2 protein chains.
Amino acid sequence: MDKTYIFGHKNPDTDSITSSLVMANLETKLGNNAETYALGTPNKETEYVLNYLGIEAPKVLNDGDVPDGANVILVDHNNPEESIPNLDNVNILKIVDHHCVKVSTSYPLYYRAEPVGCTETVMYKLYKENGVEIDKKIATLMLSAIISDTLLLKSPTCTEEDVNAVKDLAKIAGIDYESYGLEMLKAGTDLSSFTTEEILSLDAKQTSLKDVKVIINQVNTASIPEVMKLKADLEAGMKKEIESKGLDLFMLLITDIVNSNSQVIALGKRADLVEKSYGVKLEDNTALLKGVVSRKKQVIPIMTENA
Amino acid sequence: MDKTYIFGHKNPDTDSITSSLVMANLETKLGNNAETYALGTPNKETEYVLNYLGIEAPKVLNDGDVPDGANVILVDHNNPEESIPNLDNVNILKIVDHHCVKVSTSYPLYYRAEPVGCTETVMYKLYKENGVEIDKKIATLMLSAIISDTLLLKSPTCTEEDVNAVKDLAKIAGIDYESYGLEMLKAGTDLSSFTTEEILSLDAKQTSLKDVKVIINQVNTASIPEVMKLKADLEAGMKKEIESKGLDLFMLLITDIVNSNSQVIALGKRADLVEKSYGVKLEDNTALLKGVVSRKKQVIPIMTENA
């Protein structure tokens, strides 16, 4: 049986990396030949999780590494813009996700998406449905991603199912999820070792809001003023990206994970979209978006509507 | 709580009608306010099932009946071309399906598709997962659709999961599924009361194979020669549809459900696609496609590849 490539989205976050690992474990338990990959290296938050468990980071796939015709399983994404370049030419066996539907196929496949806060919450259900045991390591991977995606169950994307999964998984893992989760999130906010270019690509999603070509990048922090010290440098980097990628808008969300607000820096000819969507006035390209922490729930739909 | 509209595809087949009924039953049992509708009247095969159970046909939705912003659940389809005209403006809560992915959304939703022979096989799993009892009526609805979509478990679309579901459901329903299924399929092949226009729309799927605009219509029969007596009339009707809808190809599959072959009649400027896809020569617009019974598995992917 040919090997199945399992991977999450580009610029992988904790959900993409851990869901790939957890899905490969499930597939293996079900007797399938599957291997975990990633479309990028783990961020600092994910590194914290992998170090905590003593797990190695998945091998990174470069363009062309997945041959045409190969079997793949996508986790935590389905949008071709966030996937391998030859997605149209591979055989997608399964998708497990919690995002909007963007992929199109000419063949039926297993598609499992749910409107929950994290792919791992769907994975948690898949283990239960298939009667596969969740061990301590798998439980820790799952709960780490749910805490990451829901900012410790505080994001508006967080559902009752996410909360119940975390509570059950914390018991299995034998972890105080609140203190573990805060340490993990804080590890992710450490920007000290990054260049501006790196900060701008840490969790950058390139997508289209109707006809508007955008990058929406999100950086978590425990202190907005700390990150705003880099504003001039960040803006210079954003301008470069706008030019080289022909973007209409580059939106950087600096999200305060303690107080649940985001400072936005918006550049590009469609920066007006931010003002229109949130009823704010950009001053010196920036504004505070009160209560906004979720790109998926509080940014993309509203911006799409106004685009 | 606002009512949720549940419906299958246009030109509904037994799977679309029964899955809507079965999904509405599940949603109601889960405490949701949901109602069954249909995008057309039941065909003769489905009528046989509804009469057998003493169930009324779902109310037919006409264009505009589902208001913008309404909550909907799609079963047995996701392709906007086969759905309500304002699909982009409603809120799709869930999709339960077994087809290619064609829909695109700007919001996350519950999407459950599996590469099995019938939506009802997925529904069967959903009942199990949610711990909802399958009663005799629901079991009969489910197995009828699986038998219909898999031509009594003989189509290449039929999977082990479909077979197991039918066997279990037959026990619950207390039905000899083979004799019941054959009667049901035969009821569907009775064309005596139909005009040519009606035959041409019985199970017609309008779709695009890459840039090629097609209708692929399938008619089941126990005797191909019986249906071929209508060839001249059918061709006249097909030509009309090609002109009025600007089609590149109208493909009529006359499927022998006893011997598992299909006679194809192909008209339109891209009729060459049929010859190319099956290595046959159309003579007088027609050819026998040996062993071809599944539009989904043996027609659409091959035709798309050659388009």
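Presented here is an overview of the structure given in this document. (Residues numbered from 1 in each chain as written. Chains lettered and ligands numbered in written order. Predicted model: local features only at pLDDT ≥ 70, side-chain atom pairs only at ≥ 80, totals over all residues. Heavy atoms only, no water.)

### Remarks on the sheet that holds strand β10 (residues 261-267) of chain A
Residues and elements named next belong to chain A. Basically, it comes down to this: By this definition, two strands are paired if DSSP reports at least two bridges between them. In DSSP terms, a helix is any run of H or I states spanning at least four residues, a strand is any run of E spanning at least two, and both are numbered starting from the N terminus. Helix axes use the C-alpha atoms of the stretch in contact, all axes being lines fitted to C-alpha atoms, and the angles between their N-to-C directions lie in the range 0 to 180 degrees. We call two residues in contact whenever any of their non-hydrogen atoms come within 4.5 Å of each other.
Read from one edge of the open sheet, five strands run β7-β8-β9-β10-β11, paired in mixed fashion. Strands with a single pairing partner mark the edges of an open sheet, and in this sheet they are β7 (204-209) and β11 (286-289). Pairwise comparison of adjacent strand axes, ignoring direction, gives a mean angle of 25° for this sheet. For strand β8 (residues 212-221) and strand β9 (residues 249-256), the ladder comprises eight bridges, and the chain directions are parallel. Paired with I216 across the two strands is M251, which belongs to β9. In this fold helix α9 (residues 231-245) packs onto β7, β8, β9, β10 and β11, with an angle of close to 50° to the strand it touches most, β10.

### Describing the interface of chain A and chain B
Condition: In short, buried area is how much 1.4 Å probe accessible area vanishes from two parts on joining, totalled over both. Salt bridge, as applied in this entry: a Lys or Arg side-chain nitrogen positioned within 4 Å of an Asp or Glu carboxyl oxygen. Two N or O atoms count as a polar contact when they lie within 3.5 Å, although within protein this holds only if one can serve as hydrogen donor and the other as acceptor, and sequence-adjacent residues are included solely when both atoms are side-chain atoms.
In this assembly, 21 residues from chain A lie in contact with 22 residues from chain B. Roughly 1,900 Å² of surface becomes buried between chain A and chain B when both sides are summed, with 61% attributable to carbon and sulfur atoms. The largest per-residue losses of area from chain A upon contact with chain B belong to V101(A), P108(A) and Y111(A), which jointly make up 28% of the total buried on that side. Between the two partners, chain A and chain B, sit zero salt bridges. For the pair chain A and chain B, the number of links is eight residue pairs in polar contact (both at pLDDT 80 or more). Sorting elements by how many residues they give to the side of chain A that touches chain B places strand β6 (residues 110-113) of chain A first, with four residues.

### Description of the packing of aromatic side chains
All names here are of chain A. Applicable threshold: Planes of paired rings set the category: under 30 degrees apart is stacked, over 60 is edge-to-face and the rest tilted, where pairs are Phe, Tyr or Trp rings (Trp by its six-membered ring) whose centres lie within 6.5 Å. Should the NZ of a Lys or the CZ of an Arg lie within 6 Å of a ring centre and within 35 degrees of the ring normal, that charge is described as sitting over the ring.
Within this structure, the stated rule accounts for seven aromatic pairs over all chains. Pairwise contacts between aromatic rings join Y48, Y52 and Y180 into one cluster. Across the ring face of Y110, the terminal group of K94 is positioned such that the distance to the ring centre comes to 5.6 Å.

### Describing the nonpolar core
Note the following rule: Joining through side-chain atoms within 4.5 Å is the link that ties buried Ala, Val, Leu, Ile, Met, Phe, Trp, Tyr and Cys residues into a set, and such a set is a nonpolar core. Working definition: with a 1.4 Å probe on protein chains only, accessible area under 20% of the residue-type maximum means buried, over 50% means exposed, and in between means partly exposed.
Grouped together as the largest cluster of nonpolar side chains are 50 residues, with contacts concentrated most on M123(B), Y127(B), M142(B), L169(B) and Y177(B). For this core, the secondary structure elements donating two or more residues are α1 (14-29), β2 (34-38), α2 (44-53), β4 (71-75), α3 (119-129), α4 (136-150), α5 (160-173) and α6 (177-188) of chain B. The dominant element in this core, judged by the number of residues it contributes, is α4(B), at eight residues. Not counting chain neighbours up to four residues away, the residues in contact with M142(B) comprise V22(B), E120(B), M123(B), Y124(B), Y127(B), I134(B) and L169(B). Counting residues in hydrophobic clusters, the runner-up holds 49 residues, among them I6(A), I147(A), L152(A) and L153(A).

### Thoughts on the side chain of D203(A)
Residue and element names in this part refer to chain A. Relative to the elements of secondary structure, D203 occurs in the loop between α7 (196-201) and β7. Judged by its relative accessible area of 16%, D203 is buried. The residues touching D203, leaving out its near neighbours within four places in the chain, are I216, N217, Q218 and R295.

### As for the relation of the copies chain A and chain B
Threshold: What sets the superposition is a least-squares fit of C-alpha atoms, and only residues with pLDDT of at least 70 in both copies go into it.
The transformation that overlays chain A on chain B combines an axial shift of 0.0 Å with a rotation of 180°, and the residual RMSD is 0.1 Å. Expressed as an axis order, the relation between the two copies is that of a two-fold axis. Across chain A, the smallest distance between a C-alpha and the rotation axis is recorded for R112(A), namely 2.5 Å. Both copies share a contact surface, since 100% of the interface residues of chain A are interface residues in chain B too.

### Quick notes on the sheet that holds strand β10 (residues 261-267) of chain B
Residue and element names in this part refer to chain B. As summarised here, the arrangement of the five strands in space is β7-β8-β9-β10-β11, forming an open sheet in which the pairing is mixed. Looking at the sheet topology across the chains shown, the edges are occupied by β7 (204-209) and β11 (286-289). Each strand axis lies, on average, 25° off the axis of its neighbour in the sheet, ignoring direction. Contacts from helix α9 (residues 231-245) reach β7, β8 (212-221), β9 (249-256), β10 and β11 within the one sheet, and its direction differs from that of β10 by about 50°.

### Comments concerning the pattern of salt bridges
All names here are of chain B. The final tally for this structure, using the stated rule, is 34 salt bridges over all chains. For the salt bridge of E27 with K94, the shortest nitrogen-to-oxygen distance reads 2.7 Å. On the criterion of sequence distance, the pair formed by E27 in helix α1 and K94 in strand β5 (residues 91-97) is long-range, its members being 67 residues apart. A residue is classified by how much of its surface remains accessible, and K94, at 21% relative accessible area, is partly exposed.

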